[in-house]
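So you can see what is in the structure, the chains are spelled out below.
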Amino acid sequence: MICKPTQTPEIDLPALRDKYRQERDKRIRADGGNQYVEAADGFAEYYEADPYSPPVIREPVSQELDVAVLGGGFAGLIAAARLKQAGVLNLRIIDLAGDFGGAWYWNRYPGIQCDTDSCCYLPMLEEVNYIPKDKYAYGAEVYEHCRRIGRHFGLYETALFGTLVRSLRWDESIRRWRVGTNRGDDLRSRFVVMCPGPFNRPKLPGIPGIQSFRGHTFHTARWDYDYTGGDTTGGLHKLGDKLVAIIGTGASAIQVIPFLARHARHLYVFQRTPSYIDDRGNQPVDVEMIKAQGPGWQKKRQANFHTAAFVGFGPGEPDLVCDGWTEVSRNMAAKLEAMGWPQLTFLQLIEMREIEDYKAMERLRRRIDSVVKDRQTAEALKPYYRFLCKRPCFSDEYLPTFNRPNVTLIDVSQSKGVERITQMGIVANGAEYQVDCIIFASGFEITTELRRRFGIEPLAGRGGLSLYDHWADGYRTLHGMMTYGFPNLCFTGFTQAGVSANTTAMFEQQGNHIAYIIKETLARGAATVEPTQQAQDQWVRIIRETSITDRQFWRECTPGYYNNEGEEVFRSHLGEPYGPGFYAFDQLLQQWRDDGNMEGLLLGK
Ligand code: NDP
């Protein structure tokens with residue numbers, strides 16, 4: 001199937017630029033990321049309680065390990081699989097959850113679905129011989145895929161579920177990490193691989209009075225089916241007599257809201273910033289077409305998706321994924337094709353991209369007018385910011401939900417969020433909305449302080465040095481995966497590494513590399529491995545020198561976790577990526593491994 005460009009309307013660029021700026025300024029808060037409350041102290045149950053599995057009952061474990069993998073989501077599963085393949089067998093995956101899955105274990109709200117092309121997003125498809133059912137997989141299928149990887153690579157026997165790592169200390173006398181848990185375990189591990197994933201810790205809006213509410217509350221990442229009834233496919237029959245409020249209209253809320261609306265007596269949607277919503281357009285995966293592409297099809301598709309999302313197509317490059325993520329690049333390619341692919345400067349390309357971006361967003365705003373009947377509600381649902389300022393969302397049901405008589409949209413943008421929570425409900429725009437239940441669709445600790453994101457105290461390397469102090473002024477790593485002063489500690493995720501449009505491809509890249517380092521360190525009879533100060537300084541320099549200057553873009557975006565809530569101290573949700581890109585980074589790592597001398601790493605006895 002040929003993927004065609006979309007029809008986009010003409011725009012008044014200067015007027016829209018002004019409007020975008022006004023909408024952004026309206027929402028900027030002086031407290032930035034600190035407006036959120038941690039799911040700790042009085043709020044710990046929003047993180048630590050597991051509504052999905054019976055409590056894990058076991059004796060404390062005392063054990064010497066080669067590797068402790070912290071986290072059993074895709075990052076941890078991939079790292080552990082690669083370690084096992086490399087012959088490193090004495091390992092454990094430790095996770096608070098009752099099973100593998102990470103974000104896909106915890107997020108089981110009704111309607112949960114993957115927003116990224118499943119043939120790209122679900123990792124290791126060819127290795128475990130699985131082809132997803134739908135272009136956008138439902139949560140249950142993604143969760144099952146995590147378990148499939150766990151079974152395929154024999155990882156279940158390594159797992160310590162229901163286990164929260166509370167402290168990590170490097171013990172020089174035994175050249176191991178002491179891993180402290182909530183279960184009194186005594187784990188002494190040669191290596192630790194950090195795999196928390198970006199959506200590990202729910203956060204709550206720091207709304208005055210949040211603790212005073214007498215009704216029921218929960219976070220979307222800990223859905224309370226005992227209260228609502230039903231399951232991920234819907235049927236929330238217990239809500240029939242309930243007045244329900246949901247705070248937040250991000251990617252989670254967009255999927256949940258149509259289900260709540262179908263079942264609640266009345267649903268109040270508290271919206272600060274509208275998401276942009278394109279068609280879902282789900283369809284079964286064409287299995288024969290996938291098979292016909294032969295071995296390596298998934299990597300090719302991932303690379304094509306990455307080009308569309310981060311780079312832009314060149315002459316003759318097809319758009320294999322063909323969805324809202326790839327629209328701007330597809331439309332640009334069509335324009336350039338019509339112009340005969342002229343030689344344009346970087347600035348000209350950026351300007352052209354900006355126009356295509358504005359047009360695509362205008363298309364989505366007009367779509368709202370065509371679906372939502374009430375003019376005021378339609379206006380409030382319109383997103384005025386650039387593509388990728390916020391997470392793209394896709395739903396065929398979200399917008400029509402606002403035509404229902406039992407649904408009210410409450411725009412809280414003027415007050416920069418919900419004003420207050422009382423014993424009985426929510427105060428917004430001077431009115432109190434009395435409700436039985438408040439659902440927090442308020443997201444995760446993604447760009448907040450690292451200490452909050454990891455929740456491990458202390459996290460201490462050689463000489464008791466705290467990682468949080470060590471990185472207080474920004475990441476300092478070699479290849480984003482190791483840091484000086486913290487021997488045998490490896491990181492996955494958005495640090496100073498290669499960032500792919502497809503997060504799981506990044507986890508694969510990192511899992512491969514970390515498994516190589518650990519295998520080689522053990523094979524060379526070394527007790528420790530860490531970057532030299534010099535190699536680390538050089539990598540930090542490379543990262544800074546090659547960084548893409550996109551600060552202006554983020555500064556102009558409406559606040560959210562993508563731009564660290566618009567704070568002056570910019571912290572991207574993508575960390576500090578390697579500027580030349582994910583695939584250049586892949587080659588760099590491959591070359592480094594092929595050289596075989598572990599350059600920049602110091603092996604110790
Ligand atoms: P988000 O951080 O995207 O959304 C949080 C929401 O809460 C925002 O709408 C925010 O408004 C709102 N909010 C916060 N504080 C207040 C307040 N005081 N008053 C009113 N509203 C408030 O969290 P999500 O869980 O929706 O999504 C997080 C990420 O998880 C996504 O971006 C995506 O990467 C991932 N995800 C992926 C899915 C998939 O692939 N299917 C599905 C769901 C999530 P504002 O925007 O104004 O800050």
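Here the structure is a predicted model, which is why all the values come from computation and not from measurement.

So, how was this worked out
Residues numbered from 1 in each chain as written. Predicted model: local features only at pLDDT ≥ 70, side-chain atom pairs only at ≥ 80, totals over all residues. Heavy atoms only, no water. Pairing = 2+ DSSP bridges. Helix = DSSP H or I, 4+ residues; strand = E, 2+ residues; numbered from the N terminus. Near = heavy atom within 4 Å. Polar contact = N/O pair within 3.5 Å; in protein donor to acceptor, adjacent residues only side chain to side chain. Nonpolar A, V, L, I, M, F, W, Y, C, P; charged D, E, K, R; others polar. Domains from an automatic or database assignment. Disulfide = S-S within 2.5 Å. Buried < 20%, exposed > 50% of the residue type's maximum accessible area, 1.4 Å probe, protein only. Salt bridge = Lys/Arg side-chain N within 4 Å of Asp/Glu carboxyl O. Core = buried A, V, L, I, M, F, W, Y, C linked by side-chain atoms within 4.5 Å. Contact = heavy atoms within 4.5 Å.

Trainee: Give me the sheet that holds strand β15 (residues 420–421): which residues, what numbers.
Mentor: Two strands in a sheet stick together by hydrogen bonds in their backbones, pointing the same way (parallel) or opposite ways (antiparallel). The 3 strands are arranged β15-β16-β17 in an open sheet whose pairing can be described as antiparallel. Edge positions in the sheet fall to β15 and β17 (431–434), since each has one partner strand and no second. Sheet analysis places β15 next to strand β16 (residues 425–428), joined by 2 bridges and oriented antiparallel. Counterpart to Arg-420 in the pairing with β16 is Val-427.

Trainee: Can you lay out the site of the ligand for me, pointing to particular residues and giving the numbers?
Mentor: The ligand sits among 27 residues. The nearest are Gln-113, Ser-252, Thr-273, Lys-390 and Tyr-561. Between the ligand and Val-418, the relevant distance is 3.0 Å, taken from a nitrogen atom to a main-chain nitrogen or oxygen of the residue. When residues in the shell around the ligand are grouped by element, the largest group, 3 residues, is from helix α9 (residues 251–263). Taken together, the residues that form the shell around the ligand break down as 13 nonpolar, 10 polar and 4 charged. Of the residues that make up the shell around the ligand, three or more belong to each of domain 1 (62–201 + 446–604) and domain 2 (202–280 + 374–440).

Trainee: Could you give an account of the state of the cysteines, naming the residues involved and the relevant values?
Mentor: Across all of its chains, the model carries 2 disulfides by this definition. Disulfide pairing is shown between Cys-3 and Cys-322; the S-S distance is 2.0 Å. Given an S-S torsion of about 85 degrees, the disulfide between Cys-3 and Cys-322 has right-handed geometry. One end of the pair, Cys-3, is in the segment before α1 (13–27); the other, Cys-322, is in the loop between α11 (297–311) and α12 (327–338), and 319 residues separate them in sequence. For Cys-3, a relative accessible area of 14% translates into the label buried. Since its relative accessible area comes to 23%, Cys-322 is described here as partly exposed. Counting only cysteine sulfurs, Cys-120 is the nearest neighbor of Cys-119, a cysteine outside any disulfide, at a range of 7.3 Å. The exposure class of Cys-119 is buried, given its relative accessible area of 3%.

Trainee: Go over the pattern of salt bridges with me, naming the residues and quoting the values.
Mentor: Within the structure shown, the criterion is met by 49 salt bridges. Here Glu-144 makes a salt bridge to Arg-147, at a shortest N to O gap of 3.4 Å. Of this pair, Glu-144 and Arg-147 both sit in helix α7 (residues 139–152), 3 residues apart, which is roughly one turn of that helix. We note a salt bridge from Asp-241 to Lys-242, for which the minimum N-O separation is 3.1 Å. For Asp-241, a relative accessible area of 49% puts it in the partly exposed group. On the basis of relative accessible area, Lys-242 is assigned to the buried category, the value being 18%. Through salt bridges with shared partners, a single ionic network connects Glu-64, Asp-171, Arg-176, Arg-178, Asp-186 and Arg-188.

Trainee: Just give me the short version of the nonpolar core, but keep the residues and values in it.
Mentor: Counting 130 residues, the largest nonpolar core has Trp-223, Ile-246 and Phe-270 as the members making the most contacts within it. Setting aside its immediate chain neighbours within four residues, Ile-246 contacts Ala-253, Val-256, Ile-257, Leu-260, Leu-267, Tyr-268, Val-269, Phe-270, Ile-439 and Ala-441. Counting residues in each nonpolar core, the second largest holds 25 residues, with Leu-70, Leu-450, Ile-456 and Trp-471 among its members.

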